[in-house]
Amino acid sequence: MGIATLFVVSIIIFSSIEYLPGDFAKNILGQAATEETTAAFRRELGLDQPAVLRYGQWVAAVVQGDLGTSFSGRNASGVDRSRQVVDLIAPRLRNTLFLASLAAVVAVPLSLLLGISTALYRNSVYDRSVNMTTLTTISFPEFFVAYILILFLASLYPVFPSLANVDAETPLGERFYRAALPALTLTLVIVAHMMRMTRAAIINLLASPYIQMARLSGASPTEVILKHALPNAWAPIATVIAFNLAYLVVGVVVVEVVFVYPGIGQLMVDAVASRDIPVVQGCALIFAMTYIILNLIADIIGILTNPRLLHPK
Amino acid sequence: MSKLEYRAIQELKYKSGQIDRRTFVRSLLATGVALPSALSLAGQAAAATPKSGGLFRMGVGHGSTTDTLDSATSENHFTLINGYTFGNHLTEVNNDGQLVGELAESYESDDGQKWIFNLRQGVEFHNGKTMTSEDVVASFNHHMGEDSTSAAKGLLTAVESLKADGKNRVIFDLKSPNADFPFIVSDYHISIRPAGDMASGVGTGGYIVQNFEPGVKSVLKRNPNYWKEGRAHFDEVQLISIVDPTARQTALMNGDIDAMDRVDLKTINLFKRNPNVNIMEVTGTAHYTFPMRLNVDPFGDYDLRMALKHSIKRQELVDKVLLGYGAVGNDHPISTANRYHNSDLPQREFDADKAAFHYKKSGHSGKIPLSAADSAFAGAVDAAQLIANSASEAGIEIEVVREPNDGYWSNVWNNDAKGWCACYWGGRPTEDWMFSAAYTNDTEWNDTNWKGTDGSKKFNALVIEARAELDDTKRREIYYECQSLISDDGGSIVPLFNSYVSANSKSIATDDQVAANWDSDGAKCVERWWFA
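Cut-offs used in this document
Residues numbered from 1 in each chain as written. Chains lettered and ligands numbered in written order. Predicted model: local features only at pLDDT ≥ 70, side-chain atom pairs only at ≥ 80, totals over all residues. Heavy atoms only, no water. Helix = DSSP H or I, 4+ residues; strand = E, 2+ residues; numbered from the N terminus. Rg over C-alpha atoms; globule rule 2.2 N^0.38 Å. Buried < 20%, exposed > 50% of the residue type's maximum accessible area, 1.4 Å probe, protein only. Contact = heavy atoms within 4.5 Å. Lys, Arg positive; Asp, Glu negative; His and termini not counted. Charge placed at Lys NZ, Arg CZ, Asp CG, Glu CD. Pairing = 2+ DSSP bridges. Axes fitted to C-alpha atoms, helices over the stretch in contact; angles between N-to-C directions. Core = buried A, V, L, I, M, F, W, Y, C linked by side-chain atoms within 4.5 Å. Disulfide = S-S within 2.5 Å.

## Here we look at the overall build of chain B
Line of reasoning, step 1. Looking only at helices and strands, one finds 18 helices and 19 strands in chain B.
Line of reasoning, step 2. In terms of overall dimensions, chain B is globule-like: its C-alpha atoms have a radius of gyration of 25 Å, near the 24 Å expected for 532 residues.
Line of reasoning, step 3. By its C-alpha atoms, chain B is 75 × 55 × 50 Å across when sized along the principal axes.
Line of reasoning, step 4. When burial is assessed residue by residue, chain B has 58% of its 532 residues classed as buried.
Line of reasoning, step 5. For chain B, long-range pairs separated by at least 24 residues make up 69% of all intrachain contacts whose partners lie at least 6 apart in sequence.
Line of reasoning, step 6. Side chains of chain B carry 53 positive and 71 negative charges; the gap between the two charge centres is 5 Å.

Below, the structure is given as structure tokens:
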């Protein structure tokens, strides 16, 4: 099922790129593009062949794990320094995954904790203030949250750097330090969604007869929630977490730009701007895969935590 | 010994560290300099003495994953600065705008057609190989082959052949005389690299590439064997691509970088207030134009073009679009930073009467479409609106057509589908270069299609004449006339020259004069600046 989706996605990616206006050869040559040099470039890149043929070649290569070579870095005087798309994407993807996991490691436990505790003390002052705070942070656009954090934590009180430009040789400690502000921004942006879903899923269950039974049998409120309500709430929570994790990988280009973080989102935007088609296709495919895999995991968790689905009649 | 001589000697001693600041100030006082001036002279002397050391981090407003170390594909400011940092060229434009030999110790020509470049001896590439004429020939051939995709290919079409004459001399034979040829070889594309390795970033420059991540950063360290004296003061350099202007300015204010290019003019007044920030403004050769295509109706008509040229409030455009960071243009592309800028040509001003007179004479009626998009230059749409407004005062109706940013350069600019649009030119260091890029009848970027008119015929003949003219006074006369021809008969409206506005932290020191041929001290800030 996942593979079929991926196949459909690949067709959509390829055909939508076909309809992008502009032309890579003209773009890389800029104002310097003359008829001659443009034609030479196009021939070399195989852009003069029909689209269906190019799609076939691309899919056949991707199945073998080859995303192709980037269009950039070529020149016709003999030296071909174009880079493998995999080599281009790999370090960026590693950066993005690092940032996403850093944000997730903070955000997921935090939102679960907040969600459970607000369910426990629902309608209290605590519940309302947590709700209000998280809703405030999610309501602002990401770049605004980012600039506020820069203002307070980088400009007025220089605790963290505002430039998060890490590279492959940055030591781990420095990486954490540099990625702190972007990770914090992302945490603030995604916590509300996960926390409120956790809270709602649990409160929803609290009205069920079996919870009342548990209460009648003398279980404390904490016990009721952790032992009885939570196990049944995992499926919706997992779905929301998966959704937010996928967002952390594919949707953070704004945060990357503000903090100058070399992630995969910037790579893709750059590639679209310069019509570097193999790179755009590679990124899009990875994004699709992230969504599909994370949703798959969420479904599996949903099944594993639900005995009815685990043992069908 | 006169007082002045004594002062000069004391200053030399102070700069070289033979005497301390106190002694220097005392010696100035002894020659009759008042104390405050003496202190400031001491400060200047200290500032003008470059100090070496430190890590220089620069935020560059360009850079993309398609960047390479091969200068043939260099197309943005990141690759430009990076290229000048690790590579050298046969000649260079120095910080006061003069052309001097770089890897060529000297160059000469009798007729402007055969050029002899004598190479500097004992210069080593970063890989230890000694630079010879063979490398120079290979570096030029890299841009010249039949199917070369080098962006400098067009520049070098004038070269008939080149050959090495011994180890230290290269001879160029041009198809026709060109007095500016030494200027052309300073172009940032034509970097001298070791033969057989044009792409890996090995050069002769002041810094050696350690790590280059396209679209992210370039890390370099000082070349201990650099041949050029008094340049390359920093120990280490990081060029960081920060495309977002807000992020760039924040980084400079927070001390995460030491210098940046392309300050966002919209926020410059707030930015200037930061006590740690220095703003640097130079008027270069870059300019905004509104080319009218003569082969598209109604722009073939001389009077209509004249009417439009008179219906523009130039100073208003400078004030509103560039917020004052620029200069008015006179409908030709030669700036005050060029050698032969025609300062005698009267400045064209907004004149509703003249505009109306020419408009009436042209017999045109109806709206004139003007295409613009912000990818032409930041504020192009606003500028077009301002033009439409001022033209309406002269009774000329202009309809501003907002075009998509994407594909602007292929679908709108230099395209017969659109008769009049907004455009940006980076400018060129020489008159001939600028003219042959956009105004002569043989260039593909003749974006006004200015061909066939009497003015254009005369212009083309003059440009060829000037190319072969080695006499400075005569060239000046010819170029003055060329500028007046473009200004009157040409199809381009050149209302403004934009300044390069960059910023650096107060800890950076520069020479008294910074170059105006590119942003950031001619894009050579890395080897020219130092930490005070």
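## Thoughts on the environment of tryptophan 518 of chain B
All names here are of chain B.
Line of reasoning, step 1. You can see tryptophan 518 is positioned in the loop between β18 (508–509) and α17 (519–523).
Line of reasoning, step 2. A C-alpha to C-alpha distance of 7.6 Å links tryptophan 518 and tyrosine 500, two positions 18 residues apart in sequence.
Line of reasoning, step 3. Here tryptophan 518 is in contact with His77, Leu80, Tyr84, Tyr188, Tyr500 and Ala523, once residues within four sequence places are set aside.

## Looking at the sheet that holds strand β5 (residues 114–119) of chain B
Residue and element names in this part refer to chain B.
Line of reasoning, step 1. Here we have 4 strands laid out as an open sheet, ordered β4-β5-β7-β6, and antiparallel in their pairing. Two strands in the sheet have a free side with no partner beyond their single neighbour: β4 (104–108) and β6 (159–164). When strand polarity is set aside, the average angle formed by the axes of neighbouring strands in this sheet is 20°.
Line of reasoning, step 2. Two elements, β6 and strand β7 (residues 169–174), share 5 bridges in a ladder whose sense is antiparallel. Along β7, the bridge assignment pairs serine 161 with aspartate 173.
Line of reasoning, step 3. Against the sheet, helix α5 (residues 133–144) contacts β5, β6 and β7, and its axis sits at roughly 155° relative to β6.

## Some remarks on the nonpolar core
Residue and element names in this part refer to chain B.
Line of reasoning, step 1. In terms of nonpolar packing, the biggest core is built from 79 residues, with Leu308 and Trp420 touching the most fellow members.
Line of reasoning, step 2. When residues in this core are grouped by element, the largest group, 8 residues, is from helix α12 (residues 380–393).
Line of reasoning, step 3. If we ignore the near neighbours within four places in the chain, the residues touching leucine 308 are Met292, Phe299, Ile368, Ile396, Ile398, Trp420 and Ile493.
Line of reasoning, step 4. Listed in part, the 59 residues of the second largest apolar core include Leu90, Val185, Phe212 and Val237.

## With respect to the state of the cysteines
Two cysteines form a disulfide when their sulfur atoms are joined by a covalent bond.
Residues and elements named next belong to chain B.
Line of reasoning, step 1. Going through the model one piece at a time under the given rule, you end up with 0 disulfides over all chains.
Line of reasoning, step 2. No disulfide involves cysteine 423; its sulfur sits 6.2 Å from the nearest other cysteine sulfur, which is in cysteine 421.
Line of reasoning, step 3. What makes cysteine 423 buried here is its relative accessible area of 0%.
Line of reasoning, step 4. This cysteine, cysteine 482, is not joined by any disulfide, and cysteine 423 carries the nearest cysteine sulfur, 20 Å off.
Line of reasoning, step 5. Cysteine 482 gets classed as buried once you look at its relative accessible area, which sits at 0%.

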